[in-house]
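Fold and geometry: a report
Here is what each chain is made of, one letter per residue.
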Amino acid sequence: MSKISAAITAVGAYVPDFVLTNKLLETMVDTNDEWITTRTGIKERRILKEEGQGTSFLAIEAAKDLLKKKNLDPKEIDLVIVATATPDILVASTAVYTATQIGATNAFGYDLQAACSSFLYAMSTGAAYIESGRYKKVLIIGADKMSSIIDYTDRATCIIFGDGAGAVLLEPNEEGLGLQDEYLRSDGQGREFLKIEAGGSILPPSKETVEKGQHFVHQDGKTVFKFAVSNMADVAEKIMTRNNLSHEDVDWLVPHQANLRIIDATANRMKLDDSKVLKNIQRYGNTTSATLPLLLSDFEKQFKKGDNLVFAAFGGGFTWGSIYLKWAYNS
Ligand code: COA
């Protein structure tokens, strides 16, 4: 029997309607379009404005998009993993609620949190279930309502992040397509540089933590930038070397969309032509767990069966890594 690999067989996506432009941000904090564009590459991001709607709203919409495109009965899904840094509520998993809402009544589900590397790690986790033969249909959703943890008076973070969701279906493949290799890393010494201080078990929420804004994301942008640039490029280069991939063999780089300069540095190290580097940061900003599946959804029509995709991500924690995957279908 040939080896079973985990292939992406469908994608879906959702972004909210409200567009937060650089121009609008100029009216909120001391910043300008030129600064944001040259430092980050971001022009606009989407924001989920409606009250009472959390990350599950985004996840459910992305999953429904996938189900419709694939014409898939949700009852066939075995497992739903929601990669997110912004769960609906604490303790009760967003994935469980999402699975129920989309009608995946035969699935179990759980959330996976690794900041901006959440989706990459979730693909690895989902693929392991498929490769083992234990499950046949695993739905991986990357979803984040970053606007729920952003301080819109802090110009160092509010210009970067946006809301969105994307989903992929993983299924067994016996043609040698799908996930080929992964190189995932983490380093806990990085947690000081990008975090939400309060609301967890070390510093539970209180009137004082809220007054100090400790429930918002804070980052040391310069340090995060430095680590992201070198580590994302390192892992992408490593995965190419150990799979004997030259820059000509790589059809697409699927990089986490945190900053255009980080993406370009990774692509340069891989010696990739710019036409192979997927980017939509200008439209969505950094949607954390959603960046990679949003790219897959936006560029799906350009992928051909057998194309070599290299994913690379870096995030808080620190967490980072790269995945090499062979695309499994023509749209
Ligand atoms: N508009 C205008 N000026 C701003 C600004 C803004 N939105 N934010 C910061 N500045 C100012 C700073 O106050 C500083 O001014 P000073 O020199 O007078 O002190 C100057 O611009 C440079 O700030 P600095 O933080 O050094 O800018 P930078 O080139 O490092 O860019 C980031 C800032 C946040 C864009 C960049 O560090 C970054 O992208 N970091 C990684 C973030 C990231 O990817 N996070 C998610 C992890 S996946």
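All chains use their own residue numbering, which begins from 1 and follows the written sequence. pLDDT decides what is reported in this predicted model: residues at 70 or higher carry local features, side-chain atom pairs at 80 or more are listed and counted, and totals for whole chains, interfaces and linings draw on all residues regardless. Working from all heavy atoms in the structure, the side-chain values ignore hydrogens and water.

**Details of the sheet that holds strand β4 (residues 79-83)**
The test is simple: The pairing criterion for strands is at least two bridges between them, as found by DSSP. Here a strand is any run of E in DSSP of at least two residues, a helix any run of H or I of at least four, and the numbering for each starts at the N terminus. Interaxial angles span 0 to 180 degrees and are taken between N-to-C directions of axes, which are lines fitted to C-alpha atoms, for helices over the stretch in contact. Any two residues having at least one pair of non-hydrogen atoms within 4.5 Å are treated as being in contact.
Spatially, β1-β7-β6-β4-β5 is the arrangement adopted by the 5 strands of the open sheet, whose pairing is mixed. Whereas interior strands pair on both sides, the edge strands pair on one side only; in this sheet they are β1 (5-14) and β5 (108-112). With strand direction ignored, the average angle separating the axes of adjacent strands in the sheet is 20 degrees. Sheet topology places β1 next to strand β7 (residues 163-173); 9 bridges connect them, and they run antiparallel. Bridge pairing in β7 links A13 to G166. Its contacts with the sheet place helix α3 (residues 55-70) against β1, β6 (138-145) and β7, and it is angled at close to 115 degrees to β1. Across the sheet, helix α4 (residues 94-101) touches β4, β5 and β6, and the angle it forms with β4 is around 130 degrees.

**A short note on the domain arrangement of the protein chain**
For an interface, size is often stated in terms of accessible area lost upon the parts coming together. This is how the line gets drawn: Domain start and stop positions are those given by an automatic or database domain assignment. Accessible-area loss on putting two parts together, using a 1.4 Å probe and summing over both, is the definition of buried area adopted here. Salt-bridge detection follows one rule: a side-chain nitrogen of Lys or Arg within 4 Å of a carboxyl oxygen of Asp or Glu.
Splitting the protein chain by domain gives domain 1 (5-176) and domain 2 (179-326). Centre-to-centre separation of domain 1 and domain 2, based on C-alpha positions: 14 Å. Listed as interface residues are 55 residues of domain 1 and, on the opposing side, 47 residues of domain 2. Both faces combined, the contact of domain 1 with domain 2 buries some 3700 Å², and carbon together with sulfur accounts for 61% of it. Counting across the domain 1 and domain 2 interface gives 2 salt bridges.

**Thoughts on the side chain of D181**
Applicable threshold: Between N or O atoms, a polar contact is any pair within 3.5 Å; within protein, one atom must be a potential hydrogen donor and the other a potential acceptor, and residues adjacent in sequence are included only when both atoms are from side chains.
Structurally, D181 can be placed in strand β8 (residues 178-186). Side-chain polar atoms of D181 contact the side chain of N243, separated by 2.9 Å. Those residues within four positions of D181 in sequence are excluded, and the remaining contacts are I239, R242, N243, S322, I323 and Y324.

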